[in-house]
Amino acid sequence: MPRLSSRKTTLHYLHLLIPIFFTVLIGCGDVQSARTDSSDIRPYVSILAPLHFPQQPSKEVITELERLTEVELDIRWVPEGVYTDKMNTALTTNSLAKVTFVKFTDYGLVKNAIKSGDFWEIEPYLAEFSNLSQLSPAILRQTAVEGKIYGLYTERPSSRQGIIIRKDWLDNLQLEEPHSLEDLYEVLKQFTHNDPDLNGKQDTFGLVDRNDLVYGVFKTLSSYFGTPNNWEQVDGHFIPEFETQEYMNTMNFMKKLYDEKLINQDFALTSKELQRDSFIRGSAGVYIGSMTDVQRLSIETQALNPKAELTLINRIHGPKGYKVWSIPNYNGLYLFSKKAIATEEELKQVLAFFDRTMDKDVANLMMYGVEGRHYKIVDGKVILPEETSRLRVDEVNPLYSLMIADMSNTNIMEVVQKEELTAAAERLSEDNESFLVADPTVHLSSDTFDEKNAELSQIITDATYNYILGEITAEGFVNETLKWRQNGGDLIIQEYEEALLRERMRNN
């Protein structure tokens, strides 16, 4: 009896559910039909993008961006510190979004996929769009793979690298701003041992770093020592930076900081988020990296300590004078997956979105936010009040990652008043242009570099950290560089030298 009763009950519910199921099915069919038939269907654009700020842009700003561009956006924000790993995982598992951002430093990892036909070549379509057709041919050529254009570039100054430092700590200890490597060392020592925050405890250290030899402390510091930018070119021959005395001098300086505990002892394992947190909370007084980070670091530091004051330094005099490493004028590229974008028509819809983001109304939304809430307009020019700076950092600034060619976009309104630290960062970035160290291989290609650089660079990264941490000697470091050569490095050098020779022959 119980089994019969249960069966009747099941049948009863099944009879109730069937009409509901068909109602829902028909309703879904109507919705799908409506989406298919309606002329108001918005293209769906999925984007894998790096998040350089603690939180994503506000939903209100994203909604306005969708309204203006008439698309449905699916932005998959990934914290910058783990972005390379997430991007590589998506690449190897064929789970890319329609559009994927690739950092300049990761471009070599993706070139083989480009050569294999995984991404759309976009150059044939750019002329169809009013804004995209105006992109810089010179920068586009810097991004070319086998002479073809695959990506829309995010435009950046050649170098924004510099030092962000606690000015109130300098004042407390009656120290001058550092202008040489010797000065910098002394400031780091004083910040570690002489109670710069005046709390009566020895609970601070000089410099906070993270597990990134490029955008962390090391590469900027190495340029102060006169290290070449990736490669030194001498009489048609290439020498990798890590085989130069300047690179060794940088490692010795970092080792000294580590041994004397003037730098966080776990720097080789520290994420960017933890690096920022240490600086914000007042554990460390010096942050070396992009000077444009200063505004949000100031806001978050003063939220915990209203008396905290930051300042910027971009000129550190080294053995070869003032030097700072540079990148080409693109910070990264947006690439378009052939797996996620099936047809030319769909590709053009996605390109149309990016073209639209360069129009005046959209570009200024992404750059400044919503008028009245985030900025003001006086006499046709933008004013960025200090009192709305936090709102811009929290709600708008993460959208910078989506902006292409923003520096040369004449549709972006001029700013006549902005936050003092932001203005200083821009001014000093422009000053960096007078003493840049360029990578001489930027215009050259090496198939072996594209194929093997990820594994080869890991050899040098591990060796650099291990030397600084005292795990290997100078001789051990040299042995690792020989391993790099034997496993493909020599072939990379040969291919770059052959490419340079071909380039010179073409130009003669």
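Residues numbered from 1 in each chain as written. Predicted model: local features only at pLDDT ≥ 70, side-chain atom pairs only at ≥ 80, totals over all residues. Heavy atoms only, no water.

Looking only at helices and strands, one finds 18 helices and 18 strands in the protein. Viewed in the frame of its principal axes, the protein has a C-alpha envelope of about 85 × 70 × 60 Å. Counting all 508 residues of the protein, 51% fall into the buried class. Partitioning the intrachain contacts of the protein with sequence separation of at least 6 by distance along the chain shows that 77% fall at a separation of at least 24. About 24,400 Å² of surface is accessible on the protein, with carbon and sulfur atoms providing 50% of the total. Of the side chains in the protein, 52 bear a positive and 77 a negative charge, and the two mean positions are spaced by 5 Å. (Helix = DSSP H or I, 4+ residues; strand = E, 2+ residues; numbered from the N terminus. Buried < 20%, exposed > 50% of the residue type's maximum accessible area, 1.4 Å probe, protein only. Contact = heavy atoms within 4.5 Å. Areas by Shrake-Rupley, 256 points an atom, 1.4 Å probe, with all protein chains shown as cover. Lys, Arg positive; Asp, Glu negative; His and termini not counted. Charge placed at Lys NZ, Arg CZ, Asp CG, Glu CD.)

Our next topic: a negative patch on the surface. Residues Glu309, Glu386, Glu387 and Glu420 make up a contiguous surface patch of negative charge. Mapped onto the elements, Glu387 comes out in the loop between β16 (381–383) and α15 (389–395). Overall, Glu387 belongs to the exposed group, its relative accessible area being 63%. (Patch = residues over 30% accessible without salt bridge, like charges linked within 9 Å, V, L, I, M, F, W, Y side chains within 5 Å. Salt bridge = Lys/Arg side-chain N within 4 Å of Asp/Glu carboxyl O.)

Let's shift gears to the pattern of salt bridges. On inspection of all chains with the given rule, the structure shows 28 salt bridges. The closest approach of N and O atoms between Glu395 and Arg373, which form a salt bridge, is 2.6 Å. Of this pair, Glu395 sits in helix α15 while Arg373 sits in the loop between α14 (360–368) and β15 (376–378), placing them 22 residues apart in sequence. Residue Arg373 is classed as partly exposed on the basis of its relative accessible area of 42%. Taken together, the shared-partner salt bridges connect Lys115, Asp447 and Asp450 into one network.

Moving on, we come to the nonpolar core. Of all hydrophobic cores here, the largest spans 75 residues; its most connected members are Ile47, Leu152, Phe336 and Phe354. If you tally residues by element for this core, the top one is α14, at six residues. Not counting residues within four places of it along the chain, the set of residues in contact with Leu152 comprises Ile122, Leu126, Leu132, Leu135, Gly332, Leu333, Tyr334, Phe336, Leu351, Phe354 and Ile404. Core analysis: the second largest hydrophobic core is formed by 51 residues, Ile165, Leu184, Leu188 and Tyr224 among them. (Core = buried A, V, L, I, M, F, W, Y, C linked by side-chain atoms within 4.5 Å.)

What follows is about the sheet that holds β16. For sheets, the rule is that strands pair by backbone hydrogen bonds, running either parallel or antiparallel. The mixed open sheet is built from three strands, whose spatial order is β15-β16-β17. Edge strands, defined here as strands with exactly one partner in the open sheet, are β15 and β17 (415–417). The mean inter-strand angle of the sheet, taken between neighbouring strand axes irrespective of direction, is 45°. Where β15 and β16 come together, three bridges link them in antiparallel fashion. Counterpart to Val378 in the pairing with β16 is Lys381. (Pairing = 2+ DSSP bridges. Axes fitted to C-alpha atoms, helices over the stretch in contact; angles between N-to-C directions.)

Turning to the packing of aromatic side chains, a few remarks are in order. By the definition in use, this model includes 23 aromatic pairs. When the ring of Tyr258 is compared with that of Phe267, the centres are 6.1 Å apart and the planes differ by 65°; the resulting orientation is edge-to-face. Where Tyr334 meets Phe354, the ring centres are 5.4 Å apart and the plane angle is 40°; that geometry is what we call tilted. Placement of Tyr334 in strand β14 (residues 330–336) and of Phe354 in helix α13 (residues 344–357) is noted, with a sequence separation of 20 residues between them. The exposure class assigned to Phe354 is buried, which follows from its relative accessible area of 0%. Following the ring pairs from residue to residue traces out a cluster consisting of Tyr83, Phe101, Tyr334, Phe336, Phe353 and Phe354. (Phe/Tyr/Trp six-rings, centres within 6.5 Å; stacked < 30°, edge-to-face > 60°.)

Right, let's get into the side chain of Ser158. Inspection of the secondary structure puts Ser158 in the loop between β4 (152–155) and β5 (161–166). Among the polar contacts listed, one links the side chain of Ser158 to the side chain of Glu433, at a separation of 3.4 Å. Dropping the residues within four chain positions of it, Ser158 is found in contact with Trp325, Ser326, Ile327, Asn329, Glu433 and Leu436. (Polar contact = N/O pair within 3.5 Å; in protein donor to acceptor, adjacent residues only side chain to side chain.)

Residue position: Met248 is located in helix α10 (residues 245–259). For Met248, a relative accessible area of 16% puts it in the buried group. For the pair formed by Met248 and Asp203, sequence separation is 45 residues and the distance between their alpha carbons is 30 Å. Those residues within four positions of Met248 in sequence are excluded, and the remaining contacts are Tyr467, Ala474 and Phe477.

One open sheet holds the five strands; their spatial order is β2-β1-β3-β14-β4, and the pairing between them is mixed. Every other strand in the sheet has two partners, leaving β2 (72–79) and β4 as the edge strands with one partner each. Ignoring which end each strand starts from, the neighbouring axes of this sheet average 25° apart. Looking at chain direction, strand β1 (residues 44–51) and strand β3 (residues 99–103) are connected through two bridges and run parallel.

Turning next to the packing of α10 against helix α17 (residues 447–468). Relative orientation of the contacting elements α10 and α17 amounts to 45°, with a least axis distance of 8 Å. In terms of axis orientation, α10 runs oblique to α17. Residues Tyr247, Met248, Met251, Asn252, Met254, Lys255 and Tyr258 of α10 form the contact with α17, whose own contacting residues are Ile460, Thr464, Tyr467 and Ile468. Residue composition of the contact of α10 with α17, grouped by class: eight nonpolar, two polar and one charged. (Parallel < 35°, antiparallel > 145°, perpendicular 65-115°, else oblique. Nonpolar A, V, L, I, M, F, W, Y, C, P; charged D, E, K, R; others polar.)

We now examine helix α8 (residues 181–193). Here α8 contains 13 residues, and its C-alpha end-to-end distance of 19 Å stays within 8% of the 18 Å for a straight helix at 1.5 Å per residue. Within α8, the full set of buried residues consists of Leu181, Leu184, Tyr185, Val187, Leu188, Gln190, Phe191 and Thr192. (Expected span 1.5 Å × (residues − 1).)

For strand β9 (residues 284–290), the buried fraction is high: seven of the seven residues fall into the buried class. In terms of strand pairing, β5 meets β9 through five bridges, oriented antiparallel. Across the sheet, Ile165 pairs through a bridge with Val286, a residue of β9.

The next thing to look at is the packing of helix α3 (residues 83–92) against helix α4 (residues 107–115). The axes of two packed helices give the description: the angle between them and the distance between them. Packing of α3 against α4 leaves a shortest axis separation of 11 Å and a crossing angle of 15°. Here α4 runs roughly parallel to α3, going by the angle between their axes. α3 and α4 meet at a crossing whose hand is left-handed. On α4, the residues touching Thr84, Met87, Asn88 and Leu91 of α3 are Leu109, Val110 and Ala113. (Left-handed = near helix turned anticlockwise from the far one by under 90°.)

Let us look at helix α18 (residues 474–507). An α-helix turns once every 3.6 residues. As a result, residues three or four positions apart point the same way. In this model, α18 (34 residues) spans only 41 Å end to end at C-alpha, well below the 50 Å of a helix rising 1.5 Å per residue. At Gly488, α18 shows its strongest bend, of approximately 70°. Taken as a whole, α18 has its buried residues at Gly476, Phe477, Thr481, Trp484, Gly488, Gly489, Ile492, Ile493, Glu495, Tyr496, Ala499 and Leu500. Next to the buried residues of α18 lie β7 (231–234), β8 (237–240), α10 and α17. (Bend = angle between axes of the 7 residues up to and from the residue.)

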